[in-house]
Every structure is written in C-alpha cells, then in structure tokens.
Amino acid sequence: MSLEPFNRLVKLAARAFYDDITMKGDNQPKTGRGDNRGIAVVVLDALTRRQWVREEDLAKALKLHSKQLRRILRFFEEEKFVTRDHRKESAKGAKIFSAAVAAAAGDGRGKEGEEKVKLHTHSYCCLDYAQIYDVVRYRIHKMKKKLKDELDSRNTVQTYICPNCAKRYSAFDALQLISYTDDLFHCERCDGELVAESDKLAADEMGEGDDNRSRRREKLKDLLQRIEEQLKPVTIQIARVKDLPVPDFGTLQQWEVRASAAGWRGYGEIDPNDANKSSQGYGGTPMPSLGDTKVEVDLGGGVKEEVQSEGKPTKAKVLPPWMIKKGMVLTKEQRGETSLDAEATTQETTIDDKKQADLKDDDKSLMDEYTKAYYAAYYAKIQEEEGGRQSVKQEEFGVSASDQDELFGTQETSSHRQVGMKSKRRNAEASYKLAADLNMEAKESEEEEEDNIDWEDG
Amino acid sequence: MFFHIVLERKIQLHPRYFGPHLREKLVSKLMKEVEGTCSGRHGFVVAITGVEDIGKGLIREGTGFVTFPVKYQCVVFRPFKGEILEAVVTMVNKMGFFAEAGPVQIFVSNHLIPDDMEYQAGDMPNYTTSDGSVKIQKDSEVRLKIMGTRVDATEIFCIGTIKDDFLGVISDPGAAS
C-alpha cells in the first residue's frame, strides 16, 4: 500500500481546483497582504506529508495563524478532503498523541509532549484519501456534464423560477402553470409571473440574444476542451489510483494505537522503517514539526540514509534467488536515488542476479567467466549510474523547486494578480506538463516491475 | 406509439338491461367508460376493437347491479421519449408553444426551438425565422421529437423539441390560405 500516487492526486487536485481559493476574513481589509490565495494548496501539500496531525502543530509548521489554518481546514472539511477530530484532552492525552507522532516519525523526539497543555479542546486533522478520490472524480464529472449538457442543449427540462417566492417549476409543470388570462406562466403559490431560469455559464458572460448563440456554443466547446486538456494530469492520476488500495489511517484513536505500537516495535529492532510501518502506508517523511521546504530536502537525505544502512549487507554477498524479492529494495545501486528511477534500475539487476543464480547450477567454469564479465559490466554500469544520478537528481529537485516556485510565486505576486492572471495559468499548465512527464516515467518503471515478476514465476 | 393490447375491466350493469340485448348494452357501456381515458401504464385508450370474453356476472347484494368482468382488445397510444410525432400547435407564448398530438399535450420550450427562430408578440404570437420563411403559430402543424414524458396515474404530458434535423413546421396554414 503506497501513499505516493494518492499524495500526487491530492497535490494535483489542489493545484487544479484550489489554487485561487481565498479564505476571506470577515472584516479583513483587502490589502495585498491579506490576499492569501494559494495557502489552501500549501496546507494540502503539508497534509500529504503527515498522517493525523494536531492543528496547532500544523499551524506552527506552516507559520500560519491557527485561526487562519482552521478556516482553511473547515473549508476542506466541507469539501470532504479532510477528516477532523476534536477532543478535550489534558496534558496526558496530548502526550499520547505526541508519542504516536514520534513513533510514526521513527525518532525518539517527543518534544511536543513536554509542552504544557491545559485541558481544552484540541483538533486533529487528516486527509481522507478514499473520499478525496471520489470527490475529485465527482467534481470533474459534474464539470464536464454541465458543459456537455449545455453544449448539446440536453438540459432540456427547462426550469422556471418565481421571482417573488423563489419556487421552482420544471417544464413538465407547464400545463398547470399556464394562465388563461395572459398565456404566461404563473406561480401556483403567489401568482407571480415565472421567468425561465438560466443557469448557463456562457449566457452569464455575454447577454442573451440570438446572434450570440453560435458564439456561445464555440465558447463552450473551447471551455470543454480546455478542461479536458488542463485536467489531464488529474484524470491520469485518478485512473492510476483506481485499482490501488486506498490508504486509510482509521480514526484518530485507532491511528494513535497503531502508530505507537509500530513505533515501539521499531525501537526493539534497530531499523526504524520496518515492514510493520510501511504496511501502514506511510511513504513520506513523517516529521510534523518541520516546515515545507525543509521536509522536501530531508526526504532525499532520509531515504539515502536508510538505504545505505540497509544496503551494506547486500553488497557483501549475493542473495539467493528466493530472497530476491526482499533484496530488490536493498541493492546498492539504489542508494541515494528516489523511488522511481531506483525501482527501474534495481529490476534490471535482479534479473541479472537471477540469471547468475541459475547458471550456478549448470556449470562452474562457465559461471566464473560469466561472473567476471558480469562484474565488469556491473562496474561500468555503476560508473554510468554515478554520472547519471547527478543529473537525475538535479532534475528532480528542479521539478519540486518549480512547484515551490509556483506556490510561493503565486503568493508573492498576488498583488499583481489581476494583471498577471493569464501568465500564472500558463505556469500551472507547465507544471502539469512536468508532472505528466514524471508520470510517464513512473508508468514505465511499473511495467518493468510487472515483467520481472512474470519472469520469475515462469 | 400505438399498441393493440388486451385489457380487462369490470363493468356494472343495471338490471333493467337484462334481456335480449344485454351483450350489446354491455359493450357500449364499456366503450363509453374506457375510450378516451388515459392510464399511466398503458397510455391513452383510443378505441376498442373487439370483446374477447365476458365472464360470469356477479350480482351485487342490495343494489341488484351485476358486475361482469370483460376482456377486450383495444388500441392504445403511449408517447415515448425519443419518439417523433406530428402535432398541432395550440398555443404560443414567449416561453415556447403547446401542441397536441391526438390526446397528448406537448410543450416545446423556447430553448428547444431552433436558434434562428424568434418570438414575435402580437395578436397572433408566433416564432419566425429571421427571413420570415418559416412561422410557427396557433394551428401550425409541427413535427417534433419527445424529449421527456411525465406520466401520472391518469395523465401523460410531454416535452418536445424541434431543434433537430427534419423537425419543425410541416405545412403552414397561413401560407396555404
């Protein structure tokens, strides 16, 4: 169970749908500073790197005012992106959570536990991946349907509304509504004259009128096409996520119990990232107290460390074929690389390993020769990798940096927003494109993995 | 769409008709009761074409009326979504127009009228193309497609469109005269 595709979905959806949501304060003056579009995306991104998190901690990590954060979270709760849990707790209760966080983080830092906590309500929040998947799909479906219906004028059942009492009628009621005094539709309740309700998108922008209709149609078509185009990364991601098991952290209590149990077990063994924890589907770095950019940097470092410590023994001896499954993640080549490329390369090596093992049974001398050749090739490859890795890594950081750029850029330039609207949108498109490229890579590596498994079975 | 189906109904007959013409009386009463009615399930009963079977009458206590279960063949008309019908316009207003296809009433709202036709108010409200070649007014005959039906227990009402190929006015009575 991997979180990564789901996190990607959340991030894409956040950028697609929520990047210009303003959290309007009730009495905040609309200054450039008060403009906080883009914050919603930052919050969602931060949540993808966490499981259950206390809202104050999150606010502190994001350097947001807790009130502001709460407003955003309430908004996302309404959007069904986030589940929240509120409970009254004393210092002890808070400690349980802190312990769970620390356990999930895989390090012993229980700093939050020492904070003095009075007995008052604490709120926790967590992404609800199952629901996000549904909500995003539904949202896209509705958007497309609305446009398509309007395009084909298929929303044929015209609705009429009474301007006085706001009662709505459909065209099916026409016979009852018709008044024999003036041949118009009248409200049954207040006898007001009904007007046709126009909930049309294009009609709002340009006035009614017949010569506008063909233009409106073109506009709709254009709109629909742009939706298809710009939401493509999201739809692709949805398709990819479709058959994956949805990560579920359970309720706050369940999660706490599980996280702390897994954590304690982790302490007994030296490796903090044992199978137990990865089965919880926690892929990212769970360091709730770190800021956004810091976490991203630490992600690379953390993975590197783990892999190094785990990778050492595999370097010393060749794994027997039945162990290869486990060994795949641990090979030396993977060191320092992030999942996508690493998987692809390790697959190749495992294939080679296997071949080698088979040969062992056949012929010793032949095998010796083969191993020599193999190691020569292997060494060359490593050299090559070493060279290639640099560039790959840079590329990756380039992507995330551009993401960040985009995020923070939107905040910084927010005062010029009205003018720069178009260009910003283009930026977003560009980042989609980048994301799509990455997707392609991921897909390739997945395919390779499948191939490999087939081969082993046969 | 028309169907020829067999239905059954219980007919009550007054004792004064009990005599040599009982059967004819029964059939004429059945016709009077059934023809022109509408049931949501079968649609409008247009005509009875024959009586298949008349069951044993049952005398109702106290009144002397006799109830006969009668099986009869009849033609029914039931509009369906997507069906093409020819109808006569009965009323035109700025919301659209009403038309009748036999017993069924159809409403065509103005956004299901082709975009090039515009509403003209006045003594004889109508929808006219910009060049005036096609005009929909009261008593025009139109060919329309049913977009939706509302079926109640005793009533069927339809929404139609003329915004499609080969739909619209068939013959304009104004032009003919």
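Residues numbered from 1 in each chain as written. Chains lettered and ligands numbered in written order. Predicted model: local features only at pLDDT ≥ 70, side-chain atom pairs only at ≥ 80, totals over all residues. Heavy atoms only, no water.

The name recorded for chain B in an unreviewed UniProt entry is DNA-directed RNA polymerase subunit, from Carex littledalei. Taken verbatim from the UniProt record of chain B, the Subcellular location (unreviewed entry) comment is "Nucleus". In its Function (unreviewed entry) section, UniProt records this for chain B: "DNA-dependent RNA polymerase which catalyzes the transcription of DNA into RNA using the four ribonucleoside triphosphates as substrates." (UniProt positions renumbered as here; feature names shortened; annotations may be inferred.)

An unreviewed UniProt entry annotates chain A as General transcription factor IIE subunit 1 isoform 3 of Carex littledalei. The record in UniProt for chain A states the following under Sequence similarities (unreviewed entry): "Belongs to the TFIIE alpha subunit family."

> How do you make sense of the overall build of chain B when you look at a structure like this?
Scanning chain B from terminus to terminus reveals 2 helices and 14 strands. Looking at chain B as a whole, 38% of its 177 residues are labelled buried. Residue pairs at least 24 apart in sequence account for 60% of intrachain contacts in chain B once pairs closer than 6 positions are excluded. Surface accessibility of chain B: about 9,500 Å² in total, with carbon and sulfur atoms responsible for 52%. (Helix = DSSP H or I, 4+ residues; strand = E, 2+ residues; numbered from the N terminus. Buried < 20%, exposed > 50% of the residue type's maximum accessible area, 1.4 Å probe, protein only. Contact = heavy atoms within 4.5 Å. Areas by Shrake-Rupley, 256 points an atom, 1.4 Å probe, with all protein chains shown as cover.)

> Is there a simple way to think about the sheet that holds strand β5 (residues 168-170) of chain A in this case?
Strand pairing in a sheet takes place through backbone hydrogen bonds and is either antiparallel or parallel in direction. Reading across from one edge, β5-β4-β6 (chain A) is the order of the 3 strands in this open sheet, with antiparallel pairing throughout. Of all the strands in the sheet, just β5 and β6 (195-196) of chain A have a single pairing partner and so form its edges. (Pairing = 2+ DSSP bridges.)

> Even after reading the chapter, I still don't get the packing of aromatic side chains, so can you show me in this structure?
Aromatic ring pairs: the centre-centre distance and the angle between the two ring planes describe each pair. Counted by the stated rule, this structure contains 17 aromatic pairs over all chains. Where Y160(A) meets F185(A), the ring centres are 5.1 Å apart and the plane angle is 85°; that geometry is what we call edge-to-face. You can see Y160(A) sitting in strand β4 (residues 159-161) and its partner F185(A) sitting in the loop between α8 (174-177) and β6, a full 25 residues away along the chain. Ring geometry for F3(B) and F80(B): centres 6.1 Å apart, planes at 75°, overall edge-to-face. Taken together, the residues span a long stretch of sequence, with F3(B) in strand β1 (residues 2-13) and F80(B) in the loop between β5 (66-77) and β6 (84-93) at a distance of 77 residues. Ring pairing ties together the aromatic residues F17(A), Y18(A), F75(A), F76(A) and F81(A), which thus form one cluster. (Phe/Tyr/Trp six-rings, centres within 6.5 Å; stacked < 30°, edge-to-face > 60°.)

> What am I meant to see in the side chain of T48(A) here?
By secondary structure assignment, the location of T48(A) is in helix α2 (residues 39-48). T48(A) has contacts with N7(A), V10(A), K11(A), L127(A) and Y129(A), leaving out every residue within four places of it along the chain.

> Could you clarify how one ought to interpret the pattern of salt bridges in this entry?
Opposite charge on two side chains permits them to pair, given that their charged atoms come into close proximity. Residues and elements named next belong to chain A. Counted according to the given criterion, the structure contains 16 salt bridges over all chains. The salt bridge partner of R84 is E55, with a shortest N-O separation of 2.9 Å. Taken as a pair, R84 in strand β2 (residues 82-89) and E55 in helix α3 (residues 55-62) lie far apart in primary sequence, 29 residues in all. For the pair R84 and E55, a shared accessibility class is recorded, and that class is buried. (Salt bridge = Lys/Arg side-chain N within 4 Å of Asp/Glu carboxyl O.)

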